There are 2 protein chains.
Amino acid sequence: MTITPELIERFTAIVGEKYALQAEADTAAYRHELRKLFHGLTPLVLRPGSTDEVAAILRLASETGTPIVPQGGNTGLVGGQVPDGSGDQIVLSLSRLDAIREIDADAGTMTVEAGVSLQAVREAAADRDLMFPLSIASQGTAQIGGILATNAGGVNVLAYGNARDLCLGLEVVLPSGEVLDDLRKLRKDNTGYDLRNLFIGAEGTLGIVTAAVLKLVPQPKGRQVAWATLNDPADALRLYRLASSAAGSALTAFELMAGDAARLAEAHVPDVRVPIQNETAWHVLMELSSGRGEDEARALAEEILSRALEEGAVTDAVLAASIAQGDSFWKVRESIPEAQRIESASIKHDVSVPVSSIPDFIVEAGAVVERVTPEGRLVCFGHMGDGNLHFNVQGPPGAADAFLAKWKPLNAAVHDVVRRYGGSFAAEHGIGALKRDELIATKPPVAIDLMRRIKQTLDPSGIMNPGKVI
Amino acid sequence: MTITPELIERFTAIVGEKYALQAEADTAAYRHELRKLFHGLTPLVLRPGSTDEVAAILRLASETGTPIVPQGGNTGLVGGQVPDGSGDQIVLSLSRLDAIREIDADAGTMTVEAGVSLQAVREAAADRDLMFPLSIASQGTAQIGGILATNAGGVNVLAYGNARDLCLGLEVVLPSGEVLDDLRKLRKDNTGYDLRNLFIGAEGTLGIVTAAVLKLVPQPKGRQVAWATLNDPADALRLYRLASSAAGSALTAFELMAGDAARLAEAHVPDVRVPIQNETAWHVLMELSSGRGEDEARALAEEILSRALEEGAVTDAVLAASIAQGDSFWKVRESIPEAQRIESASIKHDVSVPVSSIPDFIVEAGAVVERVTPEGRLVCFGHMGDGNLHFNVQGPPGAADAFLAKWKPLNAAVHDVVRRYGGSFAAEHGIGALKRDELIATKPPVAIDLMRRIKQTLDPSGIMNPGKVI
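Just so it is clear, the model here is predicted, and its values are computed rather than measured.

J.: Outline the interface of chain B and chain A, listing residues and values.
T.: Accessible area lost upon the coming together of the parts serves often as the stated size of an interface. If you look at the interface, chain B gives 81 residues, while chain A gives 81 residues. Summing both partners gives a buried area of about 6,500 Å² for chain B against chain A, and 55% of it is carried by carbon and sulfur. A per-residue breakdown of the area chain B buries against chain A is headed by Lys188, Asn190 and Tyr193 of chain B, which together make up 16% of the total. Here chain B and chain A share eight salt bridges between them. Here Lys188 of chain B makes a salt bridge to Glu428 of chain A, at a shortest N to O gap of 2.8 Å. Counting across the chain B and chain A interface gives 42 residue pairs in polar contact (both at pLDDT 80 or more). At the level of elements, β9 (179-182), α7 (195-199), α8 (233-247), α10 (294-310) and α16 (445-458) of chain B are the ones that each hand at least two residues to the side of chain B that touches chain A.

J.: Explain the relation of the copies chain B and chain A to me, and be specific about the residues and the numbers.
T.: Placing chain B over chain A gives an RMSD of 0.0 Å and needs a rotation angle of 180°, together with 0.0 Å of translation along the axis. The two molecules are tied by a two-fold rotation axis, judged by turn and shift.

J.: Lay out the packing of helix α16 (residues 445-458) of chain A against α16 of chain B with the relevant residues and their values.
T.: The geometry of α16 of chain A relative to α16 of chain B is characterised by a closest axis approach of 10 Å and an angle of 140° between their N-to-C directions. The orientation of α16 of chain A with respect to α16 of chain B, classified from their angle, is oblique. At the point where α16 of chain A passes α16 of chain B, the crossing takes the right-handed sense. Residue-level inspection shows Leu450, Arg453, Ile454, Thr457 and Leu458 of chain A of α16 of chain A in contact with α16 of chain B, the latter providing Leu450, Arg453, Ile454, Thr457 and Leu458 of chain B.

J.: An account of the domain arrangement of chain A is needed here, citing residue identities and associated values.
T.: Residues and elements named next belong to chain A. Partitioning chain A into domains gives domain 1 (100-218) and domain 2 (222-420). Taken together, the contacts link eight residues of domain 1 with 13 residues of domain 2. Both faces combined, the contact of domain 1 with domain 2 buries some 850 Å², and carbon together with sulfur accounts for 59% of it. Of all residues in domain 1, Val155, Leu158 and Ala159 bury the most surface against domain 2, accounting for 59% of the area lost on that side. Our count for the domain 1 to domain 2 interface comes out at zero salt bridges.

J.: Tell me what's going on with the nonpolar core, and back it up with residues and numbers.
T.: Grouped together as the largest cluster of nonpolar side chains are 97 residues, with contacts concentrated most on Phe199 of chain A together with Phe199 of chain B. In contact with Phe199 of chain B, not counting residues within four places along its chain, are Leu450 of chain A together with Leu148, Ala149, Leu170, Val172, Leu174, Leu180, Leu206, Gly207 and Leu458 of chain B.

J.: Before we move on, could you go through the pairing of strand β12 (residues 222-230) of chain B and cite the residues and values that matter?
T.: Residue and element names in this part refer to chain B. The element β12 is largely enclosed, with a buried count of eight among its nine residues. Note that β12 and strand β14 (residues 282-290) share nine bridges and pair antiparallel. Bridge pairing in β14 links Thr229 to His283. Relative to strand β15 (residues 316-319), β12 runs antiparallel, the two being bridged by four bridges. Considered in β15, the bridge of Ala228 is made with Ala317.

J.: Lay out the packing of aromatic side chains in plain terms, naming residues and giving numbers.
T.: All names here are of chain A. This model, assessed by the stated rule, comprises eight aromatic pairs over all chains. Relative to Tyr421, the ring of Phe361 has its centre 6.1 Å away and its plane inclined at 85°; by these criteria the two rings are edge-to-face. Remark: Tyr421 occurs in the loop between α14 (407-420) and α15 (436-442) and Phe361 occurs in helix α12 (residues 358-372); sequence separation between them is 60 residues. Tyr421 matches Phe361 in its accessibility class, with the two residues each being buried. Taken together, the ring pairs connect Phe361, Phe391 and Tyr421 into an aromatic cluster.

J.: I'd like a rundown of the pattern of salt bridges, residues and numbers included.
T.: Two side chains carrying opposite charge are able to pair once their charged atoms lie near each other. Applying the stated criterion across every chain, the model contains 48 salt bridges over all chains. Between Asp106 of chain A and Arg241 of chain B there is a salt bridge whose closest N-O contact spans 2.4 Å. Linking Asp106 of chain A in the loop between β5 (100-104) and β6 (109-113) with Arg241 of chain B in helix α8, this pair reaches from one chain into another. The class for Asp106 of chain A is partly exposed, based on a relative accessible area of 27%. Judged by its relative accessible area of 37%, Arg241 of chain B falls in the partly exposed class. We note a salt bridge from Lys185 of chain B to Glu102 of chain B, for which the minimum N-O separation is 2.9 Å. In this pair, Lys185 of chain B sits in the loop between β9 and α7 while Glu102 of chain B sits in strand β5 (residues 100-104), placing the two residues 83 residues apart along the sequence. Relative accessible area serves as the criterion here: at 17%, Lys185 of chain B is assigned to the buried category.

J.: Quick one: what's the story with the sheet that holds strand β8 (residues 167-173) of chain A, residue by residue and with numbers?
T.: Residue and element names in this part refer to chain A. Pairing is antiparallel across the open sheet formed by five strands, whose spatial order is β5-β6-β10-β8-β9. Looking at the sheet topology across the chains shown, the edges are occupied by β5 and β9 (179-182). Within the sheet, the average angular offset between the axes of one strand and its neighbour, ignoring direction, is 15°. Where β8 meets β9, four bridges bridge the pair, whose relative direction is antiparallel. Paired with Val172 across the bridge in β9 is Leu180. On the sheet, helix α4 (residues 118-127) packs against β5, β6 and β10 (208-215) and is oriented at approximately 150° with respect to β6.

How each quantity is defined
Residues numbered from 1 in each chain as written. Chains lettered and ligands numbered in written order. Predicted model: local features only at pLDDT ≥ 70, side-chain atom pairs only at ≥ 80, totals over all residues. Heavy atoms only, no water. Contact = heavy atoms within 4.5 Å. Buried area = accessible area lost by both parts, 1.4 Å probe. Salt bridge = Lys/Arg side-chain N within 4 Å of Asp/Glu carboxyl O. Polar contact = N/O pair within 3.5 Å; in protein donor to acceptor, adjacent residues only side chain to side chain. Helix = DSSP H or I, 4+ residues; strand = E, 2+ residues; numbered from the N terminus. Least-squares fit on C-alpha atoms with pLDDT ≥ 70 in both. Axes fitted to C-alpha atoms, helices over the stretch in contact; angles between N-to-C directions. Parallel < 35°, antiparallel > 145°, perpendicular 65-115°, else oblique. Left-handed = near helix turned anticlockwise from the far one by under 90°. Domains from an automatic or database assignment. Core = buried A, V, L, I, M, F, W, Y, C linked by side-chain atoms within 4.5 Å. Buried < 20%, exposed > 50% of the residue type's maximum accessible area, 1.4 Å probe, protein only. Pairing = 2+ DSSP bridges. Phe/Tyr/Trp six-rings, centres within 6.5 Å; stacked < 30°, edge-to-face > 60°.

The following block contains the structure:
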């Protein structure tokens, strides 16, 4: 199809001229994404200001068979939020739906619209001495709608779960323009099929999340960040076992980093300094939280690390002496993606395997990397406590194109290993456009068939984010 | 339809004569449920011994349009597992699928078949110093398949979530007989639509869960059970706020009981003694858990209760001095349903509202009870931390029929109040046959329509547990 000027006029009338962008310069920010892997075309970016306007847009889109690409903060890494190159897809930005509708401190809930940034949610919770525990590097820009559409993860999944686990209710505009109002604040509700979780993680292919009830938790009274150096991932697993068994849900983060990954952050990002300066092959950043206070969190961290030193699981360890120092530990971890971008081109894998398989997986997948991309260097880091690794391969400086040409063969070889370990090749970043073909080719046909039937049932005219996921 | 002898023979051939029950005496246990509200007829109970046999049964059922009622431990409270009175529905019992396939202590997972009892799962986890934290009164009989099909809750949802939150992967036989194999041990997996959560809580109307990967957590090193008496539910909310803010996820249970509920347990169940003997209107049972040890759990409980006494939120409090005493506290709470059965007929409500609304809800719904059933006595108890109350009304001794005739009008009136508070009228026991009409009449039509479309898509011949949920 081609979108006619008359159709553009009808869509524009819904949101008003001011919020219907057509000029190339105005739409540019909506057509590209951060990593510059996906560039799209669009004749129109719509910025509705209410759920009703979103509904009117989808009603018209269904009636006319117009493809709609929902977009939040545009921080996604798999191209799910970017229109394709046809120029026939309209972008629907949720960013003007930016109200925090309510905070209910007693119920531990916040009702927010899709366009509120994750950062704003976290700050509003903190103002009430509560916490919304989902945390990702892009939280200043990422919006709740996108967070839910992609079932985002981040650094605190270990203790608090991913976006799915932190959402109690949703308001969703269906492709027909009907509004599913399920903005409940309930911890328990068994009234029929779980519609909420169908939309969470569907990457905007089944409907558009316009608002959500988020779960808030008590702000921990004390936190202790710790850093340790280790000889290998097998020792990291030993440390993880120790920490998990001693701390239970007080272990709120357990991040593994290859020595190379930490060194890269230090080399490229200002004010980054690795807390323990030695030639170690692996680092772990650990965070303990306590409902009672700093002292308890510190005691717990000391207990875990002294046992780990005794048992030879770690070679050295240090506790952050202040909140500022703890933040500086975190800065090393969080700067790795930026350092990777500065250093050279890199090929990424967002994979998960059972935690217990991480050491074997790293050895086996590492060998695959050496075989397929001997010119590359493994920059492995991630949320080890969740079994989730960003198993990235850094290309040689310059020569980006030649290196990136190996993206698909390297992905295929690494993901083969992932599958052998019963793992996922899309652990927390989703499928989007990037991994759609691979999903269809490798997921069991029974599952693909079910997904297609669900897509067909919920979006019979196929207007929702076509070309993504399924 | 009528099930012909020839069809019975074909189904029997799948499982073997020994596991195809036809005699009334043999099928009786599968046709009735605990509370004796639902009595059904069936010409055949099938007891398959493998996933393949379940698949063969559903294939034949689809081909011949034969309705199938899946059944686990038959402990459900809404009639979801019982055949209707037509005599045309075949019961499929999962109890022979009773293998624990694997425990992976490092990954914190257990892979079990549907027929394993919840108790057996909990014990197998404990043997490895791990815990499967879902706990309900019927756990000796209830089976994992039913637990997942109904998204069961229980007393530890507060800290660990309900069945949905404790399941990482599923094996499901679809109505067509195809097997969806998604037995993954992953904490993070964003590869397409969330099929797992569609089957969890669907009460066997979309397919049959034959196996699952369950999430295990570290066994707390110390636990402290405490009991408090309070003047009213508003004070219980104050105590809950105090406890939740001091303990965070270390607060693993917070149960509210009306004085009448506790007294009833003491009167009817042997060896039950309420820990604080006074004329109080309300009781709270609280459990604190610690990853470090008894001392910490005890200190936390002391801190919370001494603050609550100081602030006048509780009138008296006592800590269990031993594990045995803690168990005896729990026994009071767990004996209430049994005591209700012994005392007289009762009308039940399994409702949830936002935690913050509990005090107001109890006042308002209490007034409704007094108006509709002045002859009844409120026996209210439940998982206050989850906003989930068993808001039951005890009839006068004798006169059961006259009292139970008010079941529907009383339900309707109480559920009206529930809806005004944005609550759920099926918080943890599900819809089954009991609440199906009410679900359809009161859930937003957009949601009902979506559920119907999903049911039609997944079960086009309508063989899966017809007459239940939707």
